[in-house]
Amino acid sequence: MADNLPKTPQLDELEKGGWPSFVKEIKMAAKGSPMAVDLLGQLEQSYTEKIGHWKHGGIVGVMGYGGGVIGRYSDLPDKWPNISHFHTMRINQPSGWYYTSDALRKLCDIWERHGSGLTNMHGSTGDIILLGTRTEELEPTFEELAKIDFDIGGSGSDLRTPSCCCGQSRCEWACYDTMGACYDLTMHYQDELHRPAFPYKFKFKFSGCPNDCVASIARADLSFLGTWRDDIRIDQDAVREYVDRGMDINEEVISRCPGNCMEFDGKELHIENSFCKRCMHCINIMPKALRPGTDTGATILIGSKAPIIEGALLSSVLIPFYKMEPPYDDLKELIEEIWDVWAEEGKNRERVGEFIQRVGMGNFLDAIGLDPVPEMVAHPRENPYVFFEEDEDEDEDEG
Amino acid sequence: MKSVDEVADAMYEMVKDAQAVKKKLKPMDLTKAMIATYGDEVDKKLCKAAIKELINSGRCVYTYFGGSFIEIPHREGAAND
Amino acid sequence: MADVQERRTDFGPPHYEQFLPPVIKENYGKWKYHEILKPGVMVHVSETGAKIWTVRAASGRLLAIDKIRTFCDLADKYCGGYFRFTSRHNVEFLLDSDEKIDDLIKDLADIGHPVGGLANSITAIVHTQGWVHCHSAATDASGIVKAVMDDLMEYFENMKLPGKLRIALACCLNMCGAVHCSDIAILGIHRKPPVIDHSRLNKLCEIPNVSASCPTAAIRPATVDGNPSVEVIEERCMYCANCFTVCPAMPLNDPENDGVSIWVGGKVSNARCEPMFSKLAIPYIPNNPPRWPEVTAAVRNLVELWAKNARKHERMGEWINRIGWPKFFKMAGIEFTKMHIDDFKHAGLTFKRSAHLTF
């Protein structure tokens, strides 16, 4: 098959250079896959014409599920018949993207039999992406995947495949077990993940510390950022070691502290922890000397999203500190409260962050039964358009 | 309480009627309509089970057109043979 | 086909524990500190004294199964069969001794996967599908990423930058991925409303769905030349392609007008300052495949400007906030235009509301 590859002078240019080449990958797959051969041909055509050649399908999937398969058809099926159908399957990745060679070889063998032999490791949301197969291959692929314990991920108006950083498996900064929490909630909400029942997508992302390696605060509807309530742990000997090895601690660490709560007297580093903003900078710069405290948990934030429809949002604080310990019962109760309110009142394609903007955070908190706290706002309101509720003084004698 | 099958049948009729006028329904539309029609004889949990039955039996499928819907299987505009 | 009731469903992902190397299982939650030993190589040390070495290699996200099998072979040879991927598509090999690190790095180099991307470097570009697989792509994703990273390789393979620099690319404004909070974001853009094929629209698409698909309510039913169809209120269209998703008779891909825009100064980390969105730097660069030289030059210009002028640990957005946007535009040689001024909701909050100006 490698002998009759289409001519691809444009794409061949992208085999040059030091960064791994996706063109080489497609050509590698083309040795065994007619789909990859035609993909190469169509992509070369896109490069020549400066335009894509795909149509979106909205109906294909595996039986019983409403998510995890993205329908895709070439708009040049006569010219590139082997990619007439080129559907994507999203496969729920294991927490932290850890694998054994044994498990991945089995996955590759299945994809060799049923699809293009091309993948993304991984897609933006975190799934293993199996790139390109025909409608009639979807069900048999799923059947084989099930035998090696890989289930399909989310798409459409459902709980999207949750993802997490590597957390406590290999990071001293992780303030809770991100991989455990991600797995627990993924398993608990299998129905919500596979059967879209929401107004639009809903994402959980778990980062072990405020460095937020999975960009939770920018794209998750519920963002779980690890944090701590007690004092940063300091190894003063290690601090001095950094200084002795030439670090300008005042310039690199202390002057960059957003809480202005650090001081170095030449021998010891002092931190006024009650003013520490838990930003991670000093810990990032001196990982041998400083560690988060031991009273750890997560700040839970709500509502981030990309621009479509009403503009991009960052998540904002919902629960300033939560212990994040299994079985996460009260967390699950809160999640279900949020889903109930949003599913009932949300409009089609309205993310929960947009919903909160529309109905007002105060009303949203009332609806989910959460008390307002000052940690939720950057500052209190600046306008005087306060809506006083009529029964405001009824509870007076309770006070 | 209504049975799962009764609710699923009623939902199927709704989907069929909607599709005849090229309207798409979301699971929550069906659930709300069932609660409006049957009152205390149904609840959200029962509706969820009925939707699952509707899908598992193959009478309806989930579709995605800028949001997820429930429809009777059909050939879509974008499909190739 | 098997009866759906007998099928195994809702079993979820495999449990991660079976994929963890023994040293990780034994030291889960006990890691004490880490050190970056050289570009792409770090060691984590446990409270128990145990150590694990990580070798991080670049990967292009799009992988053939034969490449994954090659990674598997390397994992068998060096790491007892265990390896992982990162949130930015890199591949990481986890070793329980430091003896064979250089052999592994050499093997990775031989298969075209350089090692790096740690600490003050530029790591792999988070990106989307582009022309490889997406119907609404305004540009290719993998091709620009490849060209930009080829050009920036030196910054992946060493750690000489003032701080971290994160680049992301989305091939249209639907933005799969956290492109909108990156130090440099490359965003594919359409610039013209969809072109409607009135003769076929009613056959291919369902008019109520087409109207409903529009986030800004710019599409309404209309009869054109006797055909039931739709019309687009062009002032309201922001080229998201959601109508095209629902209806193939409304293409908006356009070779002459599609291209990319470049955004700067976003971040997701809480380190030092709060997370920030990226802001518009360059409104439009035409598509110029296969290697998008204007885009790679623009990105390099921004990287080098920041690298030369930022203080240690200062991210792109922190540096710009310190010097002010007027200086940024002047130093970057980018013309400031009407397009740079926000006119969407709450635009007023982005106006300069003080006399804090530098000259």
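These numbers were taken from a predicted model, which means no experiment stands behind them.

Caption draft 1: Representation of the pattern of salt bridges in the model. Per the stated rule, a full pass over the model turns up 55 salt bridges over all chains. With its nearest N and O atoms 2.8 Å apart, the salt bridge here joins Arg 291 of chain A to Glu 47 of chain C. Of this pair, Arg 291 of chain A sits in strand S13 (residues 290–291) while Glu 47 of chain C sits in the loop between strand S2 (41–46) and strand S3 (51–57), which puts the two residues in different chains. Judged by relative accessible area, which is 12%, Arg 291 of chain A ranks as buried. It is possible to trace a salt-bridge network through shared partners that takes in Asp 191, Glu 192 and Arg 195 of chain A, Lys 48 of chain B together with Asp 10 of chain C.

Caption draft 2: Broad picture of the state of the cysteines. Residues and elements named next belong to chain C. Scanning the entire structure with this criterion turns up one disulfide over all chains. What pairs with Cys 205 in a disulfide is Cys 247, and their sulfur atoms sit 2.0 Å apart. Taking the sign of the torsion about the S-S bond as the criterion, the disulfide between Cys 205 and Cys 247, at about 65°, is right-handed. Taken together, the positions of Cys 205 in the loop between helix H5 (198–204) and helix H6 (207–213) and Cys 247 in the loop between helix H7 (242–246) and strand S11 (259–264) put the pair 42 residues apart, joining distant regions of the chain.

Caption draft 3: Main features of a negative patch on the surface. Residues and elements named next belong to chain A. Residues Asp 329, Asp 330, Glu 333, Glu 336, Glu 337 and Asp 340 make up a contiguous surface patch of negative charge. When you line up the elements, Asp 329 lands in helix H12 (residues 329–345). Note on Asp 329: relative accessible area 48%, which makes it partly exposed.

Caption draft 4: Region of the structure containing the domain arrangement of chain C. Residue and element names in this part refer to chain C. Each assigned domain of chain C is listed with its residue range as follows: domain 1 (4–110), domain 2 (126–191 + 255–350) and domain 3 (198–246). Carbon and sulfur atoms supply 61% of the area that domain 1 and domain 2 bury against each other, a total of about 880 Å² over both sides. Looking at the side of domain 1 facing domain 2, the largest losses of area belong to Pro 39, Arg 61 and Arg 88, adding up to 57% of the total buried there. If you look at where domain 1 meets domain 2, you find four residue pairs in polar contact (both at pLDDT 80 or more). Partitioned by chemical class, the residues of the side of domain 1 that touches domain 2 number five nonpolar, four polar and three charged.

Caption draft 5: Local environment of the interface of chain C and chain A. Facing 112 residues of chain C, the contacting portion of chain A comprises 115 residues. Interface of chain C and chain A: buried area, both sides summed, is about 10200 Å²; carbon and sulfur atoms make up 61% of it. Summed over the three residues of chain C that lose the most area to chain A, namely Trp 131, His 133 and Lys 146 of chain C, the buried surface amounts to 7% of that side. In this structure, the salt-bridge partner of Lys 288 of chain A is Glu 35 of chain C, at a minimum N-O distance of 3.7 Å. For the side of chain C that touches chain A, the per-class residue count stands at 54 nonpolar, 35 polar and 23 charged. As judged from the three bridges shared by strand S4 (residues 98–100) of chain A and strand S5 (residues 82–85) of chain C, these two strands associate in the antiparallel manner. Paired with Tyr 99 of chain A across the strands is Phe 83 of chain C, a residue of S5 of chain C.

What counts, and at which threshold
- Residues numbered from 1 in each chain as written.
- Chains lettered and ligands numbered in written order.
- Predicted model: local features only at pLDDT ≥ 70, side-chain atom pairs only at ≥ 80, totals over all residues.
- Heavy atoms only, no water.
- Salt bridge = Lys/Arg side-chain N within 4 Å of Asp/Glu carboxyl O.
- Helix = DSSP H or I, 4+ residues; strand = E, 2+ residues; numbered from the N terminus.
- Buried < 20%, exposed > 50% of the residue type's maximum accessible area, 1.4 Å probe, protein only.
- Disulfide = S-S within 2.5 Å.
- Patch = residues over 30% accessible without salt bridge, like charges linked within 9 Å, V, L, I, M, F, W, Y side chains within 5 Å.
- Areas by Shrake-Rupley, 256 points an atom, 1.4 Å probe, with all protein chains shown as cover.
- Lys, Arg positive; Asp, Glu negative; His and termini not counted.
- Charge placed at Lys NZ, Arg CZ, Asp CG, Glu CD.
- Domains from an automatic or database assignment.
- Buried area = accessible area lost by both parts, 1.4 Å probe.
- Polar contact = N/O pair within 3.5 Å; in protein donor to acceptor, adjacent residues only side chain to side chain.
- Nonpolar A, V, L, I, M, F, W, Y, C, P; charged D, E, K, R; others polar.
- Contact = heavy atoms within 4.5 Å.
- Pairing = 2+ DSSP bridges.

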